[in-house]
Amino acid sequence: MTDSHRYAMLLSALPAHGALFTARQTPLSRIRLEQRLTQLDAEDARTLRTLRTLIEWAEQDPHSSDQAVLERARRQIPTLPDPFARDLADWRLEMRTLICALRRRHRGEPPPSERRWGYGRWTEQVRRHWNEPAFRLERACPWLPEAARRLDQGDAIGVERLLLRTVWEHLERLHDGHHFDFAAVIIYALRWDLVARWTSYHHERALARFDDLIETALDGVELTPEAAA
Amino acid sequence: MNELVIALGWAGLCGAMALGAIGSIIGCAIAGQAAIGAMVDTDSGYGRYIGISVMPSSQVIYGIVIMFTLQREVTVDTAPALFGIGILAGLALLFSAVRQGQACASAIHASKTKPEIFGLSLAPAAIVEGFAVFAFVFALVLAGGIPA
């Protein structure tokens, strides 16, 4: 069996992703996805699990410090046996470092004093050009000026949409030439994570809207224990 | 030296069929796995997926026909021609079967998501089949020129 078609069966068993922002739910449930991913061989399954643990928000421990996350990434990424997975992890964590810098600057913080304050090749560049709108990285990261502008405008949803779209399009570009190999499985799983994240935002927005409506409807109404009974 | 030439002649005689069979094995396995995957994800059209997945089996049939066409007494005079035609036609059949299997896997994957492109998605596999037919036909034509 040729390596480029190692996962023909697995990938054919996965329903296609539609467009990211029009999705109302993931193409298959998390349980079903995990079930299908059991077809991966042991090493690839380990690689995918490590990769998702490193880069997906749903997998992050909210109590971990930045330093702990960075140390874990620096320790685990070089051990990933698949170069595609390593490059992708590097790219996502570099992107996250740049967003972190934008948010810090937006809060009025000074440039980081530590040399290794973030992940990847741009940390020193960011420190040196802290006051430039896009840290002079417009060419390497064309999404950065727009992200900075939206953040300055306080458009949080716009920033989130831009970042999700950037990752989605990056994965789409990487998909060229990978149809039934392990890279295609990685791309599918990461896109599934993006859809899951976006659709969960809808859920949260719906809950917030529901709370607002309840508050509006109950405005001026006093609930006493007798009335509730 | 003569023994080696005769051995090569036999290799050519069997080569077209053997290499075609190897290609068909790999091609059908690739397309077959995609077909099984597609059946897991869909509720209908199973026969269609299986039908596409066996397309790369034609190469072994071409190989068998070439082998019978080449079949004659293997001598020092006939062995070089048997080797050249058999091995080269076999290689063409092998690669075409593998690539056709990959094209079929893509066709299955695409038509599962978009059933309306089923026919069009088979065009690449059909074109690859055309090249296998070229190798087959011209191997037969050339085999006619080998002394009996």
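Naming follows an unreviewed UniProt entry, where chain B appears as V/A-type H+-transporting ATPase subunit K of Marichromatium gracile. In UniProt, chain B has this text filed under Subcellular location (unreviewed entry): "Membrane".

Residue and element names in this part refer to chain B. Annotation from UniProt places "domain: V-ATPase proteolipid subunit C-like" (unreviewed entry) at residues 12–69 and 83–142. Along residues 12–69 the backbone is 86% helical and 0% strand, and the end-to-end C-alpha distance reaches 12 Å. Secondary structure over residues 83–142 splits into 92% helix and 0% strand, and the C-alpha atoms at its two ends are 12 Å apart.

Here the focus is the packing of helix α5 (residues 83–106) of chain A against helix α8 (residues 156–175) of chain A. All names here are of chain A. At a closest axis distance of 12 Å, the pairing of α5 and α8 adopts a crossing angle of 160°. Here α5 lies roughly antiparallel to α8, going by the angle between them. As α5 runs across α8, the sense of the crossing is right-handed. Touching Phe84, Leu88, Trp91, Arg92, Met95, Ile99 and Arg103 of α5 are Val159, Glu160, Leu163, Thr166, Val167, His170, Leu171 and Leu174, all from α8. Tallied by class, residues from the contact of α5 with α8 come to ten nonpolar, two polar and three charged.

Residue and element names in this part refer to chain B. The UniProt feature table records "transmembrane region" (unreviewed entry) at residues 6–37, 49–69, 81–98 and 118–146. In this annotation, residues 49–69 is assigned 81% helix and 0% strand; the end-to-end C-alpha distance for the span is 33 Å. With 100% helix and 0% strand, residues 81–98 has its two end C-alpha atoms placed 26 Å apart.

Moving on: helix α3 (residues 58–70) of chain B. All names here are of chain B. When the terminal C-alpha atoms of α3 are compared, their 19 Å separation across 13 residues agrees well with the 18 Å that a helix rising 1.5 Å per residue should span. Within α3, burial applies to Ser58, Gln59, Tyr62, Gly63, Ile66 and Leu70. Looking straight down α3, one finds that the buried residues subtend no more than 140° of arc, so they occupy a single side. Along its buried surface, α3 packs onto α1 (2–41), α4 (79–113) and α6 (123–143).

In this section: the interface of chain B and chain A. Contacts between the two partners involve 16 residues from chain B and, on the opposite side, 15 residues from chain A. Between chain B and chain A the total buried area reaches about 1,200 Å² when both faces are included, carbon and sulfur atoms providing 65% of it. Run the count over chain B and chain A and you get four residue pairs in polar contact (both at pLDDT 80 or more). Elements that contribute at least two residues to the side of chain B that touches chain A include exactly α1 and α4 of chain B. Looking at which element gives the most residues to the side of chain B that touches chain A, the answer is α1 of chain B, with nine residues. A breakdown of the residues in the side of chain B that touches chain A according to their chemical character gives eight nonpolar, six polar and two charged.

Residue and element names in this part refer to chain A. Taken together, the side chains of Asp211, Asp212, Glu215 and Asp219 define an acidic patch exposed on the protein surface. By secondary structure assignment, the location of glutamate 215 is in helix α9 (residues 182–217). In this structure glutamate 215 comes out as exposed when scored by relative accessible area, which is 58%.

Using a probe with the size of a water molecule, rolled over the atoms, empty space left in the structure can be pinpointed. Within this model, the largest pocket holds a volume of roughly 720 Å³. Elements with a contribution of two residues or more to the lining of the largest pocket: α4 (66–76), α5, α8 and α9 of chain A. Per-element accounting of the lining of the largest pocket gives the leading share, nine residues, to α5 of chain A. Here the residues of the lining of the largest pocket are counted per class, giving 16 nonpolar, four polar and nine charged. For the second largest pocket, the calculated volume is near 490 Å³. Contributing to the lining of the second largest pocket are 22 residues, with Ala16, His175 and Arg191 of chain A together with His109 and Thr113 of chain B lying nearest its centre. Of all the elements in the fold, those that place two or more residues in the lining of the second largest pocket are α8 and α9 of chain A together with α4 of chain B. With five residues, α4 of chain B is the largest single contributor of residues to the lining of the second largest pocket. Tallied by class, the residues present in the lining of the second largest pocket amount to eleven nonpolar, seven polar and four charged.

The rules we used
Residues numbered from 1 in each chain as written. Chains lettered and ligands numbered in written order. Predicted model: local features only at pLDDT ≥ 70, side-chain atom pairs only at ≥ 80, totals over all residues. Heavy atoms only, no water. UniProt positions renumbered as here; feature names shortened; annotations may be inferred. Helix = DSSP H or I, 4+ residues; strand = E, 2+ residues; numbered from the N terminus. Axes fitted to C-alpha atoms, helices over the stretch in contact; angles between N-to-C directions. Parallel < 35°, antiparallel > 145°, perpendicular 65-115°, else oblique. Left-handed = near helix turned anticlockwise from the far one by under 90°. Contact = heavy atoms within 4.5 Å. Nonpolar A, V, L, I, M, F, W, Y, C, P; charged D, E, K, R; others polar. Expected span 1.5 Å × (residues − 1). Buried < 20%, exposed > 50% of the residue type's maximum accessible area, 1.4 Å probe, protein only. Arc of directions from axis to C-beta. Buried area = accessible area lost by both parts, 1.4 Å probe. Polar contact = N/O pair within 3.5 Å; in protein donor to acceptor, adjacent residues only side chain to side chain. Patch = residues over 30% accessible without salt bridge, like charges linked within 9 Å, V, L, I, M, F, W, Y side chains within 5 Å. Areas by Shrake-Rupley, 256 points an atom, 1.4 Å probe, with all protein chains shown as cover. Salt bridge = Lys/Arg side-chain N within 4 Å of Asp/Glu carboxyl O. Lys, Arg positive; Asp, Glu negative; His and termini not counted. Charge placed at Lys NZ, Arg CZ, Asp CG, Glu CD. 1 Å grid on protein atoms, 1.4 Å probe; cavity = no way out; pocket = protein on both sides within 12 Å on 5 of 7 lines; lining within 4 Å. Points joined across faces, edges and corners; volume = space filled by probe spheres on them.

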